[in-house]
Amino acid sequence: MFRDRTNLYISYRRTYPHNTGQFNGNSQLDTTNPNNRFDLLGEEEEAHGLIDSSYHDEAAENGDAIEMKPLPPKFADISSEIEFLLAEIEKEVTRLNYLYKKNLLPGFNDTTEDDEKIDQMNFVITSSFQKVYNKIKNIDSIKLQYQDVLRPEDNLICDNLKKNLAAKTQDLSKKFRKLQNNYIKYLKQDDFQAPQKQNVMDEWDDSDAVNIESYSKQAMQQSSALLQEQEQTEGINDQLIQRREKEIYKIAQGVVEISTIFKELETMVIDQGTILDRIDYNLENVVVDLKQSNKELLKGQKHQKRSTKCKLILLLTLVTLTLAVIVLMKPRRTDHYYHDTPEPSKDTTPAEEPAPVEVDEPTTKN
Amino acid sequence: MDLVKVGQSYVDKIVTDTGIKVLLLDDITSSIISLVSTQSELLNHQVYLIDKLENENRDTIKQLDCVCFLSVSEKTINLLVEELGAPKYKSYKLYFNNVVPNSFLERLAERDDLEMVDKVMELFLDYDILNKNLFSFKQLNIFNSIDAWNQQQFLLTLASLKSLCFSLQTNPIIRYESNSRMCSKLASDLSYEFGQSSKIMEKFPVNDIPPVLLILDRKNDPITPLLNPWTYQSMVHELLGIFNNTVDLTGTPSDLPPDLIKLVLNPSQDPFYAQSLYLNFGDLSDSIKTYVNEYKEKTVKHNSNELTDLNDMKHFLESFPEFKKLSNNISKHMGLITELDRKINENHLWQVSELEQSIAVNDNHNADLQELEKLLTSQEFKIANNLKVKLVCLYAIRYELHPNNQLPKMLSILLQQGVPEFEINTVNRMLKYSGSTKRLNDDSESSIFNQATNNLLQGFKQSHENDNIYMQHIPRLERVISKLVKNKLPTAHYPTLINDFLKKQRPVSDLNGARLQDIIIFFVGGVTYEEARIINNFNLVNKSTRIVIGGTTVHNTNSFMTQVLELE
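These numbers were taken from a predicted model, which means no experiment stands behind them. (Residues numbered from 1 in each chain as written. Chains lettered and ligands numbered in written order. Predicted model: local features only at pLDDT ≥ 70, side-chain atom pairs only at ≥ 80, totals over all residues. Heavy atoms only, no water.)

## Here's the deal with the overall build of chain B
Scanning chain B from N- to C-terminus turns up 22 helices and 19 strands. Here chain B, with 568 residues, has 60% of them falling under the buried criterion. When contacts within chain B are restricted to residue pairs at least 6 apart in sequence, long-range pairs at least 24 apart make up 81% of them. Surface exposure of chain B reaches about 22,100 Å², of which carbon and sulfur atoms provide 49%. (Helix = DSSP H or I, 4+ residues; strand = E, 2+ residues; numbered from the N terminus. Buried < 20%, exposed > 50% of the residue type's maximum accessible area, 1.4 Å probe, protein only. Contact = heavy atoms within 4.5 Å. Areas by Shrake-Rupley, 256 points an atom, 1.4 Å probe, with all protein chains shown as cover.)

And the structure:
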């Protein structure tokens with residue numbers, strides 16, 4: 001049960017005189033409260049700064065400078081791109097499913113054409129997954145690129161976007177892998193050499209096989225072994241078997257590839273059912289995070305200031321040192337000529353004095 | 001009347017609009033929404049930024065639409081007026097969690113010069129949904145003095161209870177316990193408010209049998225919150241504390257990995273928990289054992305080369321993502337149960353609980369007294385102070401009118417044992433709050449000292465666990481409901497209020513004998529998880545009746561004793 005109060009609200013809004021504006025929000029200032037007005041003005045100007053900067057986009061893209069970019073739309077682009085890709089994959093997967101079903105039915109037709117299609121579709125889907133994965137990973141690098149411009153909010157949006165897309169991709173890849181494994185299973189099941197193969201399988205004792213691709217890997221190894229076997233023994237040169245084994249190999253390879261993507265994505269998605277999935281917990285943590293990041297920023301600033309100071313000091317000391325060396329070298333030469341006179345000591349002291357004057361020069365240049 | 005579904009439908013309403021958006025919450029609504037939705041669910045609806053209205057350091061993001069889910073209070077309206085004066089987002093959709101006074105809307109409209117607001121809606125979700133039939137208002141200091149409301153808390157309770165009834169689309173007949181001024185005040189004010197809300201209520205479906213809201217006072221059954229419960233959810237709350245469906249295990253001696261320190265216990269997101277939250281400790285152990293075995297079976301197969309079995313393989317591939325979830329879930333519950341077990345042994349709860357039950361159920365003064373004295377002074381079992389005080393409280397309530405009452409002696413034993421005086425005060429406060437003269441004296445049958453045996457009430461078809469000596473006591477609520485459902489609660493003790501609108505809508509006929517369908521039970525002074533369990537059992541057995549229960553808060557023994565102690 002709910003109640004819509006929009007109409008009431010709008011009628012209230014109409015009854016109040018608003019100096020609604022010509023072009024921008026500046027006219028909306030509440031003139032009755034001077035304090036408020038200036039507050040607002042400040043904020044408005046700030047907002048303008050952001051909007052204006054968006055006009056410099058092209059300049060930024062040309063690499064002239066890293067300007068303030070309106071980030072959310074950019075991420076929105078990536079997001080819609082990925083969502084589009086995912087939708088495409090989903091379509092392909094359903095088509096593939098249809099083909100598989102058709103192939104599963106017993107028939108006398110030659111399935112070579114279909115097999116080729118399946119091959120092709122598998123390839124397309126796998127590469128699409130790869131693309132999606134790369135795009136998702138790319139979000140991070142974009143984030144890094146615009147590190148200086150991104151506000152904490154933008155960072156948060158990016159992270160959330162990534163999590164959501166990762167979860168969606170995972171769901172879809174799960175579906176796809178299920179489909180593929182079912183098909184492999186079908187291909188294997190009518191394998192008349194199955195009992196023989198069983199033994200081969202037992203020999204591979206993969207201790208950490210608790211993962212998704214283990215079956216496909218085994219299938220791959222098996223098929224390649226079988227293929228080799230066939231090449232060696234000329235007697236069995238059944239083309240059909242060979243083709244099917246190749247097929248299994250290919251599909252299994254695809255599954256393994258996608259499984260790797262799946263595992264990589266695993267680190268990005270939220271563990272559902274844990275505290276990390278709680279809204280209020282995240283809200284609190286954001287506040288803490290923001291505070292911490294602020295502190296770190298300040299620290300970083302201090303460090304940076306300090307490091308520039310350090311550099312300056314280093315430079316100055318270097319300059320003084322070299323000057324001192326030069327000054328020291330000169331009198332030595334004169335030493336040879338006026339060996340017995342006490343003059344040199346007098347020579348050195350005035351020579352050292354101008355040094356600080358020279359030292360000042362680089363600082364002013366800086 | 002499934003509260004979880006109600007809550008989820010509201011969340012859906014908030015986030016359905018397409019496009020990337022910001023969700024603004026406030027302190028109150030953020031905890032409400034956390035109970036019915038999750039971060040990933042919101043992400044799925046393209047809510048990529050969640051923030052609080054109170055957060056002043058929010059940046060301007062003019063490209064994004066903003067959806068607000070806010071509570072109705074002076075504070076949030078002020079903040080919102082400020083926000084609309086200097087908008088940070090592209091547009092605003094406002095969802096309030098209760099009825100918004102027109103004056104608030106006017107203030108917002110006055111400030112909304114830029115016409116930023118597209119939508120204003122009232123969703124009635126001003127309460128916490130804990131289980132599918134348990135709600136809470138999370139209020140602790142509702143008392144001004146004994147049996148008198150703190151005015152501010154009263155208004156909050158009134159508003160929340162109103163939102164609850166609206167969200168369930170009910171215009172209920174209100175019944176309350178006649179001996180409680182708090183109940184009667186709440187009931188009459190609520191009834192008046194309902195009479196004024198005809199505009200909202202006229203859209204509600206009209207049932208043949210009108211729904212009933214029963215308002216009870218905790219003081220009429222102080223026994224239930226004092227006893228140590230032995231079912232999963234209740235035990236976790238009693239021994240570890242559940243706050244907003246999360247448990248914090250910080251400071252427990254067992255070294256848990258960091259991701260198992262703060263746990264979420266939400267039956268709608270955790271199938272194992274949903275299955276076992278009402279199980280008693282013994283059944284729970286069995287249940288977790290089979291759960292672990294299931295997991296073992298699944299993983300061991302995939303660990304070895306048994307992978308060759310294609311059917312297994314297929315199953316594994318399909319359920320692989322579930323595996324990580326499953327192992328997380330198992331370690332969560334294992335951690336909890338281990339912790340419970342540790343607490344039970346540490347506090348000698350087996351012994352304590354046996355005595356508790358005996359005091360609560362049997363009328364055997366001398367034996368109970370002996371046993372009580374033994375436990376209080378025992379060197380063998382070192383029992384914590386609060387447990388000792390609790391036992392004496394039970395004794396005081398149970399044998400208040402017994403001619404041979406030895407309460408002064410017990411109190412002096414407590415002092416001797418080094419229990420601080422202010423803690424001992426709880427016993428006297430308890431008697432003041434809920435002594436025999438304070439409790440509703442309806443009939444002897446409805447006494448709070450009920451035993452499970454010969455207590456096969458109509459409506460509770462399953463027999464109670466008579467053989468379980470730790471669960472002999474049956475909360476008073478069970479009797480009250482079994483009468484209420486048959487509409488046989490005496491009006492002398494449970495007056496009936498029918499609001500003006502309901503009277504106008506239809507002639508309320510004589511309902512005697514009719515079986516009630518929709519019932520809302522509300523405990524002033526706090527409900528317990530045990531009572532929620534009873535309601536759940538009742539709903540399971542009686543398909544035609546749907547009951548939800550809630551209270552100003554959900555008590556465990558400690559929170560109840562603190563509440564009583566703080567009474568002036």
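## Here we look at the sheet that holds strand S5 (residues 117-123) of chain B
Within a beta sheet, neighbouring strands are joined by backbone hydrogen bonds and run either parallel or antiparallel to one another. The six strands lie next to each other as S1(A)-S5(B)-S4(B)-S3(B)-S1(B)-S2(B), forming an open sheet whose pairing is mixed. Of all the strands in the sheet, the pair left with one neighbour each is strand S1 (2-4) of chain A together with strand S2 (47-52) of chain B. In this sheet, adjacent strand axes meet at a mean angle of 20° when their direction is disregarded. Sheet topology places S1(A) next to S5(B); three bridges connect them, and they run antiparallel. By the bridge assignment for S5(B), Arg3(A) is matched with Glu122(B). Across the sheet, helix H1 (residues 3-15) of chain B lies against S1 of chain A together with strand S1 (21-25), S2, strand S3 (65-70), strand S4 (91-96) and S5 of chain B, angled at about 175° from S5(B), the strand it touches most. (Pairing = 2+ DSSP bridges. Axes fitted to C-alpha atoms, helices over the stretch in contact; angles between N-to-C directions.)

## Let's talk about the domain arrangement of chain B
Residue and element names in this part refer to chain B. According to the domain assignment, chain B contains domain 1 (3-123), domain 2 (130-221 + 458-565), domain 3 (232-346) and domain 4 (349-434). Taken together, the five residues of domain 1 in the interface contact five residues of domain 3. Across the domain 1/domain 3 interface, buried area totals approximately 390 Å², and carbon plus sulfur atoms make up 48% of it. Ranking the residues of domain 1 by area buried against domain 3 places Ser31, Leu35 and Thr38 at the top, with a combined share of 76%. On the surface where domain 1 and domain 3 come into contact, there are zero salt bridges. (Domains from an automatic or database assignment. Buried area = accessible area lost by both parts, 1.4 Å probe. Salt bridge = Lys/Arg side-chain N within 4 Å of Asp/Glu carboxyl O.)

## Describing the confidence of the model for chain A
All names here are of chain A. Per-residue confidence for chain A averages 68 on the pLDDT scale, and 58% of its residues sit at or above 70. Per-element mean pLDDT across chain A ranges from 34 in helix H7 (residues 194-203) up to 89 in helix H1 (residues 6-15). Across residues 21-72, where pLDDT falls below 50, the model places 59 contacts with residues more than four positions away in sequence or in other chains. For the stretch residues 344-366, pLDDT sits under 50, and the model shows 16 contacts to residues farther than four places along the chain or on other chains. (pLDDT = per-residue confidence, 0-100.)

## A few points about H1(A)
Among all positions in H1(A), only Thr6(A), Tyr9(A), Tyr12(A) and Arg13(A) are buried. The buried residues of H1(A) occupy an angular sector of 125° when the element is viewed end-on, so they sit on one face. What points out from H1(A), more than 90 degrees from its buried face, is the exposed set Asn7(A), Arg14(A) and Thr15(A). Of the surrounding elements, those touching the buried residues of H1(A) are S1 of chain A together with helix H4 (74-85), helix H5 (102-111) and S5 of chain B. (Arc of directions from axis to C-beta.)

## Here's the deal with the pairing of strand S16 (residues 518-524) of chain B
Residues and elements named next belong to chain B. The element S16 is largely enclosed, with a buried count of seven among its seven residues. Of the two faces of S16, the one lined by Asp518, Ile520, Phe522 and Val524 and the one lined by Ile519, Ile521 and Phe523 are each fully buried. Strand direction decides the pairing type here: strand S11 (residues 212-217) and S16, joined by six bridges, are parallel. By the bridge assignment for S16, leucine 216 is matched with phenylalanine 523. When S16 meets strand S18 (residues 546-551), the two strands line up parallel, connected through six bridges. Across the sheet, the residue bridging to isoleucine 521 is isoleucine 549, located in S18.

## Regarding the UniProt feature "transmembrane region" (unreviewed entry) in chain A
The UniProt feature table records "transmembrane region" (unreviewed entry) at residues 312-329 of chain A. Taken as a whole, residues 312-329 of chain A contains 100% helix and 0% strand, while its terminal C-alpha atoms sit 25 Å from one another. (UniProt positions renumbered as here; feature names shortened; annotations may be inferred.)

## Observations regarding the UniProt feature "coiled-coil region" (unreviewed entry) in chain B
The sites that UniProt annotates as "coiled-coil region" (unreviewed entry) are residues 355-382 of chain B. Within the segment residues 355-382 of chain B, helix and strand shares are 71% and 0% respectively, and the terminal C-alpha atoms sit 15 Å apart.

## Focus: the packing of aromatic side chains
Within this structure, the stated rule accounts for 19 aromatic pairs over all chains. Ring geometry for Phe129(A) versus Phe176(A): centroids 5.8 Å apart, planes at 40°, classification tilted. Highlighted residues: Phe129(A) in helix H5 (residues 112-145) and Phe176(A) in helix H6 (residues 152-189), separated in sequence by 47 residues. Comparing Phe129(A) with Phe176(A), the two get one shared label, buried. The residue whose ring lies beneath Lys185(B) is Phe154(B), and the NZ or CZ to ring-centre distance is 3.9 Å. Sitting over the face of the ring of Tyr399(B), Arg398(B) holds its NZ or CZ atom 5.2 Å from the ring centroid. (Phe/Tyr/Trp six-rings, centres within 6.5 Å; stacked < 30°, edge-to-face > 60°. Lys NZ or Arg CZ within 6 Å of the ring centre and 35° of its normal.)

## So, the nonpolar core
Residues and elements named next belong to chain B. The biggest cluster of nonpolar side chains holds 154 residues, and the ones touching the most others in it are Ile215 and Ile521. A total of nine residues in this core trace back to one element, the largest contributor, which is helix H16 (residues 385-398). Leaving out residues up to four positions away in the same chain, isoleucine 521 has contacts with Phe135, Leu214, Leu216, Leu477, Ile481, Ile535, Ile547, Val548, Ile549 and Gly550. (Core = buried A, V, L, I, M, F, W, Y, C linked by side-chain atoms within 4.5 Å.)

## Considering the environment of Glu371(B)
Within the fold, Glu371(B) resides in helix H15 (residues 365-377). Along the primary structure Glu371(B) and Pro205(B) are separated by 166 residues, whereas in three dimensions their C-alpha atoms are 56 Å apart.

## Notes on unusual backbone geometry
All names here are of chain B. The phi dihedral of glutamine 46 falls on the positive side, at around 60°, and the residue is not glycine. Residue placement: glutamine 46 occurs in the loop between helix H3 (39-44) and S2. Backbone geometry at glutamate 115 places phi at a positive 55°, although glycine is not the residue there. In this fold, glutamate 115 is placed in the loop between H5 and S5. We classify glutamate 115 as partly exposed; its relative accessible area is 47%.

## Thoughts on the confidence of the model for chain B
Residue and element names in this part refer to chain B. Of all residues in chain B, 90% have pLDDT values of 70 or greater, and the mean over the chain is 85. With pLDDT under 50 throughout, residues 452-463 is counted as low confidence; its partners more than four residues away or in other chains account for 27 contacts. Scored by ipTM, the complex comes to 0.81, with pTM at 0.77.

## Re the packing of H4(B) against H5(B)
Helices that pack against each other are described as a pair by the angle of their axes relative to one another and the distance between those axes. Residues and elements named next belong to chain B. Closest axis-to-axis distance for the H4/H5 pair is 8 Å, and the angle between their directions is 15°. On the basis of the axis angle, H4 is roughly parallel to H5. For the crossing formed where H4 meets H5, the hand is right-handed. Counting all contacts with H4, which are made through Glu74, Ile77, Asn78, Leu80, Val81, Leu84 and Gly85, the residues of H5 involved are Phe104, Arg107, Leu108 and Arg111. Residues belonging to the contact of H4 with H5 are distributed by class as follows: six nonpolar, two polar and three charged. (Parallel < 35°, antiparallel > 145°, perpendicular 65-115°, else oblique. Left-handed = near helix turned anticlockwise from the far one by under 90°. Nonpolar A, V, L, I, M, F, W, Y, C, P; charged D, E, K, R; others polar.)

## Section: the packing of H1(A) against H5(B)
For the pair H1(A) and H5(B), the least separation of the axes is 8 Å and the interaxial angle reads 50°. If you check the angle between H1(A) and H5(B), you find them oblique. Both H1(A) and H5(B) take part in a crossing whose hand is right-handed. Every residue of H5(B) that contacts H1(A) at Leu8(A), Tyr9(A), Tyr12(A) and Arg13(A) is listed here: Asn102(B), Leu105(B), Glu106(B), Leu108(B) and Ala109(B). When its residues are assigned to classes, the contact of H1(A) with H5(B) shows six nonpolar, one polar and two charged.

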